[in-house]
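Architecture at a glance
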Amino acid sequence: MSTILRRFMNRFYRNNEYSITIAGLGYTGKTTMLYLLKLNEIVQTISSIGFNVESIEVPLRGGGQLNFTGWDVGTGCGNPSVLSMLIGSYTASADALIWVVDSTDREGLKDSVGTLQDVIRRTESERSEAGTPAQAFPILILANKQDLPEAQSIDTVRKAFATLLRGRNACVFKSAFTQPDTGLQDAFEWLSIALELASAGKLPQPPKHNPVADMRSVDTLTEKLESWLGRIEKDSNPQEFLDQFHSISLPAWDHYTHIRIAFLLLRTHGRQKGKDMIFSGIEKYITESSQTRGRTFHITMTYFWIQIVHLGIESKAPQVPLKFSNGSSTASTSSTDFEMFLLCNPYVADGNLWADFYSRDVMMSPAAKAGMVLPDKKPLPNLVIRDAI
Ligand SMILES: Nc1nc2c(ncn2[C@@H]2O[C@H](COP(=O)(O)OP(=O)(O)OP(=O)(O)O)[C@@H](O)[C@H]2O)c(=O)[nH]1
Ligand SMILES: [Mg+2]
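- By the naming in an unreviewed UniProt entry, the chain goes by ADP-ribosylation factor and is assigned to Collybia nuda.

See below:
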């Protein structure tokens, strides 16, 4: 229990100082970001030769802050192979890499992927020689300058890096450093979790601390997750989505839809009330919608997913409680919350996860459809330890 408690306290009051390399091609916004984080303002930059270094403190949503020394490696007119060698030498001893991409530079996207590939190759070979785990090394990619009309979409940037990042402790976020909403908060929330897992020698995809995670292939989940993240971009906002659910007019009725319903209702109303709303809402939807013809309400399956989604919500860093003035608002739950939830709990995208706990015969039995049946393979993960804390 004391170990669990210490990890919990660390998460809140963490004061670790990491060393993080900030790199990318020229003119992407690295120095702008470094001084935005340091001074909270946009500074006039010139192309950097050598490097800029600052100690940075980023407040985190769940309390505490991420403290690190940021090394902004200037590209200063260097050619790509010299650049990747230079960046690789910084990165080999760093705790993480932030790779900044100019989303408006269509030609440069391929070069950016190629240079990062070279940097990763150099970094991983140096790290494995030194006996440091290589693949757990966190890489945060920022698709920057998203405020400009000619910016390529986050989907395009994600696709360009997808093959290179597969199986690595890496994630792509969008950013616009010169705008009030920079996008950096979500990116650093992810990075702080990725650093924590890397320093414990764990990969976040799938997260090993999670009792159900190591059941699925990382590649399959990554692919699925990428398509879901793309879907969130085009999906309605949380309130509209729930309105569509209540008025039986959702655009689709599939696994993604179920997980988003469960996430929004549990996150907004807590387990007890959220669970009741999911049960009654889904049963009503199945009965009344023409999209669900031929389907029947399945109590055990619904309960299973409520349990898994709730575990995922709770196993993230504790969240600031949501406040509801009129009792029905989900306004403070943004689409980005769901994005973060998926990034931290990628296994929820696996629609067959139940098969790790239930045999097909039990799950598909009339008894399991009509009432709650316990798993016959292994117990459902639960929150007893966290609830105790
Ligand atoms: N519109 C827009 N401009 C940005 C953004 N981020 C940075 N810039 C601008 O892009 C230009 C280059 O930014 P820098 O921070 O100097 O880029 P850098 O990556 O440090 O460049 P090098 O040092 O040459 O490698 C500056 O004019 C910034 O103001 C952004 O999100 N949106
Ligand atoms: Mg610079």
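From this point, things continue past the structure.
**Digging into the pairing of strand 3 (residues 65–73)**
- Extensive coverage of strand 3 is indicated by the burial of seven of its nine residues.
- By the bridge criterion, nine bridges tie strand 2 (residues 51–59) to strand 3 in an arrangement that is antiparallel. Note that in strand 3 the partner of Glu-57 across the bridge is Asn-67.

**Observations regarding helix 2 (residues 30–39)**
- Judged by how many residues are buried, helix 2 sits mostly within the fold: eight of ten residues are covered.
- Here helix 2 has its buried residues at Lys-30, Thr-31, Thr-32, Met-33, Leu-34, Tyr-35, Leu-36 and Leu-37.
- Residues of helix 2 that are buried sit in contact with strand 1 (17–24), strand 2, strand 3, strand 4 (96–102), strand 5 (139–144) and helix 6 (184–199).
- Asn-40, located one to two residues past helix 2, shows a positive phi value of around 60°.

**Focus: the sheet that holds strand 4**
- Taking strand neighbours across the sheet as the criterion, the six strands line up as 2-3-1-4-5-6 in an open arrangement whose pairing is mixed. The two strands at the open ends of the sheet, each matched to only one other strand, are strand 2 and strand 6 (170–174). Pairs of neighbouring strands in the sheet enclose a mean axial angle of 25°, with direction left out of account.
- Of the strands in this sheet, strand 4, strand 5 and strand 6 touch helix 5 (residues 154–165), which is tilted by about 170° from strand 6.
- Set on the sheet, helix 6 makes contact with strand 1, strand 2, strand 3, strand 4, strand 5 and strand 6; between it and strand 5 the angle comes to about 165°.

**Section: the confidence of the model for the chain**
- With 79% of its residues at a pLDDT of 70 or more, the chain shows a mean pLDDT of 80.
- Confidence, read as mean pLDDT per element, is least for helix 14 (residues 384–388) in the chain (31) and greatest for strand 4 (97).
- Scored below 50 in pLDDT, residues 204–215 shows 37 contacts in the model against residues more than four places distant or in partner chains.
- Below pLDDT 50 for its whole length, residues 317–332 participates in 26 contacts with residues either more than four positions away or in separate chains.

**Some remarks on the pattern of salt bridges**
- In this structure the tally under the stated criterion is 14 salt bridges.
- A salt bridge links Arg-61 to Asp-186, with the nearest nitrogen and oxygen atoms 2.7 Å apart. One end of the pair, Arg-61, is in the loop between strand 2 and strand 3; the other, Asp-186, is in helix 6, and 125 residues separate them in sequence.
- The exposure class of Arg-61 is partly exposed, given its relative accessible area of 38%.
- Note on Asp-186: relative accessible area 12%, which makes it buried.

Rules of the game
- Residues numbered from 1 in each chain as written.
- Chains lettered and ligands numbered in written order.
- Predicted model: local features only at pLDDT ≥ 70, side-chain atom pairs only at ≥ 80, totals over all residues.
- Heavy atoms only, no water.
- Buried < 20%, exposed > 50% of the residue type's maximum accessible area, 1.4 Å probe, protein only.
- Helix = DSSP H or I, 4+ residues; strand = E, 2+ residues; numbered from the N terminus.
- Pairing = 2+ DSSP bridges.
- Contact = heavy atoms within 4.5 Å.
- Axes fitted to C-alpha atoms, helices over the stretch in contact; angles between N-to-C directions.
- pLDDT = per-residue confidence, 0-100.
- Salt bridge = Lys/Arg side-chain N within 4 Å of Asp/Glu carboxyl O.

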